[in-house]
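# A look at the structure
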Amino acid sequence: MSAFSFQSGNSRALRGLPLYVLGAIAALVVPRTGKLWVFGSGVGLGEGALPLLWLARERLGADVRLVWLATTPDELAQASQLGLDAVSKHGRHGLWLTLRARVLVVTHGMGDVNRYGVRGGFVVQLWHGIPLKRLHLDSDVALQPPSFLPTALGRRLMERAYRSAGRQIRLFPVSSERVAPRISTAFGIPADRIAVLGDPRDDVLFSTDAAALARTRLDELVGEVPPSSSVILFAPTWRDGAIDPSLPDEQTWDEIIGWLELNDCVLVVRTHPLGRGDYSRGAQRSHRVRLLGAGLLADVTPLLPVVDVLVTDYSSIALDYALVGGPIVFLAADVTSYARTRGLYEPYRVFSGGLEVGSWLQALAVLTGLQVPQNLASARAHSAWLRHEYFDHADGHATERVLAEILRRTGEAIGPQPEYTRTSRPRVTRIHLAAEMLSVDFDGPVSGVSLRGGRLSVEGALDETGARATFPLLVSRWGQNGLALPTGDYQLAVLDGMWSTRVSVAPELALDELHELFRVRAQAADGGLSVWMGPPLREGESGRSAPLRQKLRYLLPRRRLENAAYFESFYGRTVACNPLAIDRELARMHPEIRRYWSVADGSVAIPEGAVRIVEGSAEWWRVRAEARVYVINDWLRWTHRPRRHQHVLQTWHGTMLKRLALDRPDVTPRRRFATVRQSRRWNALLAQNHYSASIFRTSYAFRGPIWETGYPRNDAFADPARAAAIRTILGIGVDVRVVLYAPTWRDDRDELVDYLDLAAFAGDLPPEHVLLVRGHSRTLAYGGDVHADRLLDVTSYPDVADLMLIADVLITDYSSVMFDFASADKPMLFFTPDLAHYQDVLRGFYFDLVADAPGPVVESRDDLLDAIRTLDATGDAFTVRRSAWRERFAPSDDGLAGQRAVELMENEGWFGSSGDKSSAVARAVE
């Protein structure tokens, strides 16, 4: 069973297709009877199916036969010992009972009963937890086709198979309105078959003797636990056949066991039934580690009341345990890769409340911290928040509601149904946009309200009644005023103690408004009010067919030209880098030339005097066709069409340590073709130095001119007076020592690299230090900002040159900022904990960083702190090597690189003659 993966499961499902067809034919001729219900569970005797069977037997009496369909002989024997009417689901008898039953109750899928006989029955899918990780149709991993089929065909077949199975489900109970949309999309079932009733398996947690029964049962299963010892339950989820990345090694087991001894705790390890990883070494070394495999207990939920602390990752057990109210430690060693491959329904930082850690050592530190009353209260408050967010009923009556709903929907309702109290939430009664403010009315006063987004949250202002909140949709950021909120989804949340929670919304409430800088849509979604902020695209500029129409117009020949420059930096996510420096020089030297900036949305500030054009708009397509000059620092859009009147200056965005394009070890024929096709569209390429120029020539197979002007973005270092203004914008005093941490991105992850535990690292810096954290531009769209004392996340700050200007020390790994910072002539430190993996697996280097680096290269957090303290105490010992580094990589960074770039474009005749000024003015009037 542990060898199961989605691919292997999907393979077996497709191979069984003939049996599904035969079963469907049989279902047409075999009549079903309301006097027979069948139950089953994928983990054995347990989950929500068992309490529902017990209650049905009590309420329905002998009039209805209730049968437990067992998977294994052991399960069959256990069910019989409990006095259940139990039959093997396999063979003719199991198929016959499944075909005859009117109601079929399952917890994991149709295979819980006889999967070939479910068609036409009233299938009740209880599921086995509230999903955080994406399920079925929502997850690419779940749709992995068998190896014997072409990928595209196999995925289409699997999607159809999942949808076919979803159509068999007639009732799907869920815990809250927040969960319902996830189930609808994952299983492909209509919303009216989903009912917010609660999960029967959680009812046991509300019984008055739950804790006593849990203690007795735990002692029976894993051996007696001393009453004085705290119980820590470690329950990781599975990894689609892969080994659990949190599996401790020998040294880590020593650390864990030592901590357990010191703190009088017992660690109970509950691996997933499908999980892989041998935890027996811990149990063999100490009685403080106990193993609780699925073979001992099918359903762990009844044991949760005796657990003092839960340690888990993405498992739904976190939400079951939230009903108990204890603290949760989120140990997620592979959060980035897991979120990318399996997918999560919400950012993990939101779900975990920012309490996640990446290793057992960090988890032990958090567990130690829970001994502080304030930390324990905060962790329990987060569990209370999870309970409030994910459970609309939390009363121990879910089984009663589910049974009543089955009887109602099958026409067998008996007597009046009891009323149940749902979790009380503020209700939104009206939403309105006026004067760039979003107004939200509630049915009563609230204590606080906010719009929570992936990277930015906005606090609402309450009126005197407390029942109306207004949110500015234009905000100030990094010293720039009047910017739209970044594109993305924002959830309306009201303050409830230490945490914010969702609201209730009438389904008919909706808003869709267009503003000059944004488009805003608001509607009921995910059990609350969802506000989507996006670029200000009109109806004809957005939608599935709009890009095709715009592209066709763009491809048509153009007779009209404009003496203008089109600027783009990192695909419009920011206005920065070399294009921004060239923009400044072009505005100074040629004010008659119109400067257009391509931006992703209205949250990106543009230079004074420039014109914003939003990606995808009609004006964006027009300028791309008519502007004489392109200035970009990343790849051209794939829709770009070379034109005779246009010239493209590729400035790129850094001197390279890591291998590029055709020099990468993993280059494929497809990538090779795309790289060569891309470079053929550049008319000139900018290089910081001769070293870069020679690499550009081969890595991009570039045949055009390479201008070794130096980097315009480093012209900022020639203006040290600007540093005071930047410190003011960031709120950093003149006497504070600035440490800038600027790692590059990783090809195997999307989020900011954090091998330091950044919040704690900032606190460990010497006094009067502040840590600026600057993620790569490719990490800008993922996750939320990092918050901590003496730490400022500046990943979204527009221009890294400003940050380098005020930095006293630079910490990087393999980023090209190491070459730019050479112009500042300040200390550099290189933190490279994954040096071997990055160099040998991900990218590869052009030279030996360890041998040539103009600063210490360290691989541990402690060594990095020591290096910073050494700089403060004894000064920089790398002055000579840093001077050689600057001479090699930044010989032309003298503050005039931008001017030289503009002069070269001018000398090459890229700009129109003075006679074109009138057309530019005319265009401005238009």
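Thresholds, definitions, all that
- Residues numbered from 1 in each chain as written.
- Predicted model: local features only at pLDDT ≥ 70, side-chain atom pairs only at ≥ 80, totals over all residues.
- Heavy atoms only, no water.
- Helix = DSSP H or I, 4+ residues; strand = E, 2+ residues; numbered from the N terminus.
- Buried < 20%, exposed > 50% of the residue type's maximum accessible area, 1.4 Å probe, protein only.
- Contact = heavy atoms within 4.5 Å.
- Areas by Shrake-Rupley, 256 points an atom, 1.4 Å probe, with all protein chains shown as cover.
- Lys, Arg positive; Asp, Glu negative; His and termini not counted.
- Charge placed at Lys NZ, Arg CZ, Asp CG, Glu CD.
- Pairing = 2+ DSSP bridges.
- Axes fitted to C-alpha atoms, helices over the stretch in contact; angles between N-to-C directions.
- Salt bridge = Lys/Arg side-chain N within 4 Å of Asp/Glu carboxyl O.
- Parallel < 35°, antiparallel > 145°, perpendicular 65-115°, else oblique.
- Left-handed = near helix turned anticlockwise from the far one by under 90°.
- Nonpolar A, V, L, I, M, F, W, Y, C, P; charged D, E, K, R; others polar.
- Phe/Tyr/Trp six-rings, centres within 6.5 Å; stacked < 30°, edge-to-face > 60°.
- Lys NZ or Arg CZ within 6 Å of the ring centre and 35° of its normal.
- Patch = residues over 30% accessible without salt bridge, like charges linked within 9 Å, V, L, I, M, F, W, Y side chains within 5 Å.
- Core = buried A, V, L, I, M, F, W, Y, C linked by side-chain atoms within 4.5 Å.
- pLDDT = per-residue confidence, 0-100.
- Right-handed = clockwise from strand over helix to strand, strands pointing away.
- Arc of directions from axis to C-beta.

Each helix and strand in the protein was counted, giving 31 helices and 41 strands. Based on the C-alpha atoms only, the size of the protein along its principal axes is roughly 95 × 65 × 65 Å. Out of the 926 residues belonging to the protein, those deemed buried represent 55%. When contacts within the protein are restricted to residue pairs at least 6 apart in sequence, those whose partners lie at least 24 apart make up 68%. In the structure as shown, the protein presents an accessible area of about 38700 Å², 53% of it carried by carbon and sulfur atoms. Side-chain charges of the protein comprise 105 positive and 109 negative groups, with the mean position of each set lying 9 Å from the other.

Turning next to the sheet that holds strand β11 (residues 309–312). Ordered in space as β10-β9-β8-β11-β12-β13, the six strands form an open sheet in which the pairing is parallel. Each edge of the open sheet is held by one strand with a lone partner, namely β10 (289–291) and β13 (356–357). Examined bridge by bridge, strand β12 (residues 328–331) and β13 share two bridges and lie parallel to one another. Bridging from a neighbouring strand, Phe330 pairs with Glu356 of β13. Strand contacts of helix α14 (residues 360–369): β8 (230–235), β9 (265–269), β11, β12 and β13, with the helix running at about 165° to β12, the strand carrying the most contacts.

Reading across the sheet, the five strands line up as β18-β19-β15-β14-β24 and stay open at both edges, with mixed pairing between neighbours. One side of each edge strand has no neighbouring strand; the edge strands of this open sheet are β18 (461–462) and β24 (504–505). Across six bridges, the pairing between strand β14 (residues 427–434) and strand β15 (residues 437–442) is antiparallel. What sits directly across from His432, in β15, is Ser439.

Okay, the pattern of salt bridges next. As enumerated under the stated definition, the model contains 46 salt bridges in all. A salt bridge links Glu159 to Arg163; the shortest N-O distance between them is 3.4 Å. With Glu159 and Arg163 both in helix α6 (residues 151–168), this residue pair falls four residues apart, about one helical turn. Its relative accessible area of 32% is what places Glu159 among the partly exposed residues. Asp512 is paired through a salt bridge with Arg521; the nearest N and O atoms lie 3.2 Å apart. Relative accessible area serves as the criterion here: at 31%, Arg521 is assigned to the partly exposed category. Members of the salt-bridge network, linked through shared partners, are Arg560, Glu562, Arg594, Glu619, Arg622 and Glu626.

In a packed pair of helices, the relevant descriptors are the angle between the two axes and the axis-to-axis distance. Between helix α17 (residues 546–555) and helix α19 (residues 618–626), the shortest axis-to-axis distance is 10 Å and the interhelical angle comes to 25°. In terms of orientation, α17 lies roughly parallel with respect to α19. Seen from above, α17 lies across α19 with right-handed handedness. When α17 is examined against α19, the residues Pro547, Gln550, Lys551 and Tyr554 are found in contact with a partner set consisting of Ala618, Trp621, Arg624 and Ala625. In the contact of α17 with α19, the residues fall into five nonpolar, one polar and two charged.

Mapped onto the fold, Ser176 is located in the loop between β6 (169–174) and α7 (180–187). Note on Ser176: relative accessible area 0%, which makes it buried. Excluding anything up to four places from it in sequence, Ser176 contacts Val196, Glu389, Tyr390, Phe391, Asp392 and Arg502.

As a further point, take the environment of Glu516. Relative to the assigned elements, Glu516 resides in the loop between β25 (510–514) and β26 (519–525). Note: C-alpha distance between Glu516 and Phe673 (157 residues apart in sequence) is 40 Å.

With that out of the way, let us pick up the packing of helix α3 (residues 49–60) against helix α16 (residues 398–409). Interhelical geometry of α3 versus α16 gives an angle of 60° and a closest axis separation of 10 Å. With respect to their mutual orientation, α3 and α16 come out oblique. Crossing handedness for the pair α3 and α16: right-handed. Contact residues: Pro51, Leu52, Leu55, Ala56, Arg59 and Leu60 in α3; Thr399, Glu400, Val402, Leu403, Ile406 and Leu407 in α16.

For the structure shown, the criterion picks out 28 aromatic pairs. Ring geometry for Tyr314 against Tyr348: centres 5.2 Å apart, planes inclined by 65°, an arrangement best described as edge-to-face. Remark: Tyr348 occurs in helix α13 (residues 348–352) and Tyr314 occurs in the loop between β11 and α11 (317–322); sequence separation between them is 34 residues. Note on Tyr314: relative accessible area 0%, which makes it buried. If you follow Arg624 out to its NZ or CZ, it ends over the ring of Trp621, 5.1 Å from the centre. Across the ring face of Tyr554, the terminal group of Arg643 is positioned such that the distance to the ring centre comes to 4.7 Å.

What follows deals with a nonpolar patch on the surface. Taken together, Leu17, Leu19, Val21, Leu22 and Ile25 make up a surface patch of nonpolar side chains, about 460 Å² in accessible area. Position of Leu17 relative to the elements: it lies in helix α2 (residues 17–29).

Quick look at unusual backbone geometry now. One non-glycine residue, Ala435, adopts positive backbone phi at about 50°. Within the element layout of this structure, Ala435 appears in the loop between β14 and β15. Given the relative accessible area of 71%, Ala435 is considered exposed. For Glu768, which is not glycine, the phi torsion reads 65° and is therefore positive. Tracing the backbone through its elements, the reader meets Glu768 in the loop between α23 (758–764) and β36 (769–773). According to the relative accessible area criterion, Glu768 is exposed, its value standing at 53%.

Listing the buried residues of helix α1 (residues 6–15) in full gives Phe6, Gly9, Asn10, Ser11 and Leu14. Buried-residue contacts for α1 involve α2 and α6.

Right, let's talk about the nonpolar core for a bit. Generally speaking, a soluble globular protein has its nonpolar side chains buried in company with each other. Ranked by internal contacts, the top residues of the largest apolar core, which has 68 residues, are Phe696, Leu730 and Leu772. The biggest single contributor to this core is helix α24 (residues 800–806), with five residues. Those residues in contact with Leu730 that sit more than four places away from it in its chain are Trp478, Leu772, Leu792, Val794, Tyr797, Leu803 and Ile806. Membership of the second largest hydrophobic core comes to 67 residues, among which are Val106, Ala180, Leu310 and Trp385.

In this model, the protein carries a mean pLDDT of 87, and residues with pLDDT of at least 70 account for 93%. Per-residue pLDDT stays below 50 along residues 779–783; that stretch engages in 17 contacts with residues further than four places along the chain or on separate chains. With pLDDT under 50 throughout, residues 914–926 is counted as low confidence; its partners more than four residues away or in other chains account for 12 contacts.

As a further point, take the pairing of strand β32 (residues 647–650). Burial of β32 is two-sided: the residues His647 and Leu649 facing one way and the residues Val648 and Gln650 facing the other way are all buried. Here two bridges tie β32 to strand β33 (residues 684–686), and the two strands are oriented parallel to one another. Bridge pairing links Gln650 to Leu685 in β33. A crossover connection joins β32 to the parallel β33 through helix α20 (residues 669–679); in handedness this β-α-β unit is right-handed.

Let us look at the environment of Arg59. With respect to the element layout, Arg59 can be found in helix α3. Residue classification places Arg59 among the partly exposed positions, given a relative accessible area of 41%. Residues Arg59 and Trp259 lie 200 residues apart in sequence; the distance between their C-alpha atoms is 50 Å.

Those residues of helix α22 (residues 722–730) that sit buried are Ala723, Ile726, Arg727 and Leu730. The arc that holds the buried residues of α22, viewed along the axis, is 100°, so those residues lie on one side. Positive backbone phi, at 75°, marks Gly731, one or two positions downstream of α22.

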